Each structure stands twice: as structure tokens, then as C-alpha cells.
Amino acid sequence: MGKLDGKVAFITGVARGQGRSHAVTFAREGANIIGLDLCGKPSTTAYDGTTDEDLQETVRLVQEAGGQIFVDIADTRDYAQVKSVFDRGLEQFGRVDIVIPNAGICSGAKTWEITPDAWAEMVDINLNGVFHTVKAAVPTLIEQGNGGSIVFIGSTEALKGAENISSYAASKHGVTGLMTSLARELGRYNIRVNSINPTCVDTHMINNDFVYGLFRPDMDKPTREDVIDTFSNTHLLPVPWIEPEDVSEAILYLVADTGRYVTASTMVIDAGFIVKS
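Computed from a predicted structure; not experimentally measured.

Chemist: What's the story with the overall build of the protein chain in this structure? I'm lost.
Modeler: For the protein chain, the helix and strand inventory stands at nine helices and seven strands. By its C-alpha atoms, the protein chain is 55 × 35 × 35 Å across when sized along the principal axes. Of all 277 residues assigned to the protein chain, the portion counted as buried reaches 52%. Partitioning the intrachain contacts of the protein chain with sequence separation of at least 6 by distance along the chain shows that 74% fall at a separation of at least 24. Summed over its atoms, the accessible surface of the protein chain is roughly 12,200 Å², and 51% of this surface lies on carbon and sulfur atoms.

Encoded structure:
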């Protein structure tokens, strides 16, 4: 028996990276998945966007893990698109138990050099898109009367600031505020609301020239190998970054019965990053 047998999870940003990992991890534990992804590139990111092929690979992996999945392409910045995917997934599976507003981006510059368009896109995806996700799903969670679990994807920068990515930090601080407010509103319905706040996770979001340049400003074109030691030096534990699966396993603890009394928590998985820095 799996830890999530009979459960249904609504996850945004499922085409690759953390979102795919969360979907596959939940499927392995008996859950079915309602998922969506942009399958495109936001205009301000330094890394490639997801593709429909990425999304279909997630479908394959979820099914291989034993789960069923309903997915479609949608932009979390558009509430109507998010609600459409959720409603059609709900029609297929009949319920929802877990909500993971995972879709997000990272880009940046010195605060005064960030363009208004870049700032707006960051907040629109990382905060407004998260709001749209919970707005779509929360009424059903309440109506079902069986409780539930929402886990926001924060960051160490949701709890502290950082140079050169103030728009990202601001958007993730907003996620923390949304999480704690929603936990107060939903506790009476036995719906738990938490956030997970990882250090750098080994995905496209950190594997790009922009982030490499932040970590090695002394080099013209640093590579992944060039930045490993610098990444490692930010942590107490001798690791440069963590894997998507590390985040998924922590979320699994929160959404399963193991986390039944945890709510309004900002769980940190950071290899000692916050303490060291």
C-alpha cells in the first residue's frame, strides 16, 4: 500500500524538474495527478522553456509509476486556463486532496536594473500564478469535507533576501505570506497549508549562464564544473545543490498522514544554507 492511495494531486509546472519529480513520487505512492505546464519560455528567463515533449515524458513516467494523470498546456498567469485544467481533471478523477502550486521562474539583475516588464513577469508567474492555483482548487477541498493539504514551493529566498535576484526573493516572500494567511483560513476545515523552502535544486533554473555568472563573476563564461565549489561553499553540508527528489520526499511527508499535524510551517531543506550565510 502506498502513502497516498486513493488521493488526487493538482500540480502546476509538471513538465520537468521539481514538478515532474513531485508527480512521479506521488504516483509511486498511489496518487493520481492533475497537472499543467506552460510548455513555452517566459520572456525573461535565461534558460529554455518546457516543451510538449517534456510534458508527455512526465505522463509516461507517472503511468510507469502506476498512476493515472490528466494534463494539459496552460499558463498559470491566466486564471481561466488554470481553472479549466483543474475542472477537467476533477471531472475525470472526482476529487482533489493535494495541491502543489509548483510552477515558477527565476531571473534577475541589480534591483535598479530590473526592467518593469521583468519584474511584472516574475511576480505574475511566481505569486499571481500560485494564487490562481489555490483559488481554483480550494473551494473543492472545502466542499469535499475531508480535509486536504496544500504545499507551496518557496525557496531559501522566501525567508531571506539575496543580491541580484530581488524580484525572485520578493515573489517568494509573497508566497510565504500567502501560505501563512491561507493556513489560518483553512485550519477549521482540516486543510493543512505549508511551504517547502529548498536551497538550489539541480534543475534548469540553476543550470544556466545567468546563475553560473552570479556564482563566478570572476569568469567570462563559467561552466557547471566551474561553479560546483562555489555552490558547495554556501552550504554547511559538502554538497553544491540538492536533487528534485529530495524536495519531493519532504513534500510527501507533509501531504501524507505523517504530516497530519503540520500546518503554517516553512520547512527548510537547504543543506545548512541559511545558517551558514
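Chemist: Explanation requested: the pairing of strand S5 (residues 148-153) in the structure shown.
Modeler: Regular strands place side chains that alternate from one sheet face to the opposite one. A large share of S5 lies buried, amounting to six of its six residues. Note: strand S4 (residues 98-100) against S5, two bridges, orientation parallel. Note that in S5 the partner of Ile-98 across the bridge is Ser-149. At this point the chain moves from S5, through helix H5 (residues 166-186), to the parallel strand S6 (residues 191-198), and the crossover so formed is right-handed.

Chemist: Where do I start with the layout of surface pockets in this structure?
Modeler: In this approach, a probe sized like a water molecule rolls over the atoms, and the result shows the empty space that is left. Its boundaries defined by the atoms lining it, the second largest pocket holds a volume of some 230 Å³. Lining the second largest pocket are 15 residues, and of these Lys-7, Asn-146, Gly-148, Arg-192 and Asp-257 sit closest to its centre. Among the residues making up the lining of the second largest pocket, the classes are represented as four nonpolar, five polar and six charged.

Chemist: Looking at this structure, how should I read the nonpolar core?
Modeler: Across soluble globular proteins, nonpolar side chains have a tendency to be buried as a group. Within the largest apolar cluster, 34 residues are counted, with the highest numbers of intra-cluster contacts made by Phe-26, Ile-100, Ile-196 and Ile-251. At the level of elements, strand S1 (8-12), helix H1 (17-28), helix H2 (52-64), strand S3 (69-73), S4, S5 and helix H8 (244-255) are the ones that each hand at least two residues to this core. Per-element tally for this core: the top contributor is H8, with six residues. Dropping the residues within four chain positions of it, Ile-100 is found in contact with Phe-10, Ile-11, Thr-12, His-22, Phe-26, Val-151, Ile-153, Ile-251 and Val-255. Among the nonpolar cores identified, the runner-up in size contains 29 residues, and Phe-70, Val-138, Leu-186 and Ile-191 belong to it.

Chemist: How should I be thinking about the packing of helix H4 (residues 116-144) against H5 in this particular structure?
Modeler: Helix packing geometry: the angle between the two helix axes and the distance between the axes. Relative to each other, H4 and H5 sit at 15°, their axes nearing to 8 Å. Overall, the two elements H4 and H5 adopt an arrangement that is roughly parallel. In this structure, H4 meets H5 at a crossing whose hand is right-handed. Seen from H4, the contacting residues are Trp-119, Met-122, Val-123, Asn-126, Leu-127, Val-130, Phe-131, Val-134, Val-138 and Ile-142; seen from H5, they are Ser-166, Ser-167, Tyr-168, Ala-170, Ser-171, Lys-172, Gly-174, Val-175, Leu-178, Leu-182 and Leu-186. For the contact of H4 with H5, the class distribution of residues is 15 nonpolar, five polar and one charged.

Chemist: How should I be thinking about the state of the cysteines in this particular structure?
Modeler: Covalent bonding between the sulfur atoms of two cysteines is what defines a disulfide. All chains considered together, the criterion is met by zero disulfides. Cysteine Cys-106 shares no disulfide, and the gap to the nearest cysteine sulfur, in Cys-200, comes to 8.5 Å. The buried category is assigned to Cys-106, whose relative accessible area is 9%.

Chemist: How should I be thinking about a negative patch on the surface in this particular structure?
Modeler: On the surface, Glu-243, Glu-245, Asp-246 and Glu-249 cluster together to form a negatively charged patch. Inspection of the secondary structure assignment puts Glu-243 in the loop between helix H7 (224-232) and H8. Look at Glu-243 and you get partly exposed, because its relative accessible area is 33%.

Rules of the game
Residues numbered from 1 in each chain as written. Predicted model: local features only at pLDDT ≥ 70, side-chain atom pairs only at ≥ 80, totals over all residues. Heavy atoms only, no water. Helix = DSSP H or I, 4+ residues; strand = E, 2+ residues; numbered from the N terminus. Buried < 20%, exposed > 50% of the residue type's maximum accessible area, 1.4 Å probe, protein only. Contact = heavy atoms within 4.5 Å. Areas by Shrake-Rupley, 256 points an atom, 1.4 Å probe, with all protein chains shown as cover. Pairing = 2+ DSSP bridges. Right-handed = clockwise from strand over helix to strand, strands pointing away. 1 Å grid on protein atoms, 1.4 Å probe; cavity = no way out; pocket = protein on both sides within 12 Å on 5 of 7 lines; lining within 4 Å. Points joined across faces, edges and corners; volume = space filled by probe spheres on them. Nonpolar A, V, L, I, M, F, W, Y, C, P; charged D, E, K, R; others polar. Core = buried A, V, L, I, M, F, W, Y, C linked by side-chain atoms within 4.5 Å. Axes fitted to C-alpha atoms, helices over the stretch in contact; angles between N-to-C directions. Parallel < 35°, antiparallel > 145°, perpendicular 65-115°, else oblique. Left-handed = near helix turned anticlockwise from the far one by under 90°. Disulfide = S-S within 2.5 Å. Patch = residues over 30% accessible without salt bridge, like charges linked within 9 Å, V, L, I, M, F, W, Y side chains within 5 Å. Salt bridge = Lys/Arg side-chain N within 4 Å of Asp/Glu carboxyl O. Lys, Arg positive; Asp, Glu negative; His and termini not counted. Charge placed at Lys NZ, Arg CZ, Asp CG, Glu CD.

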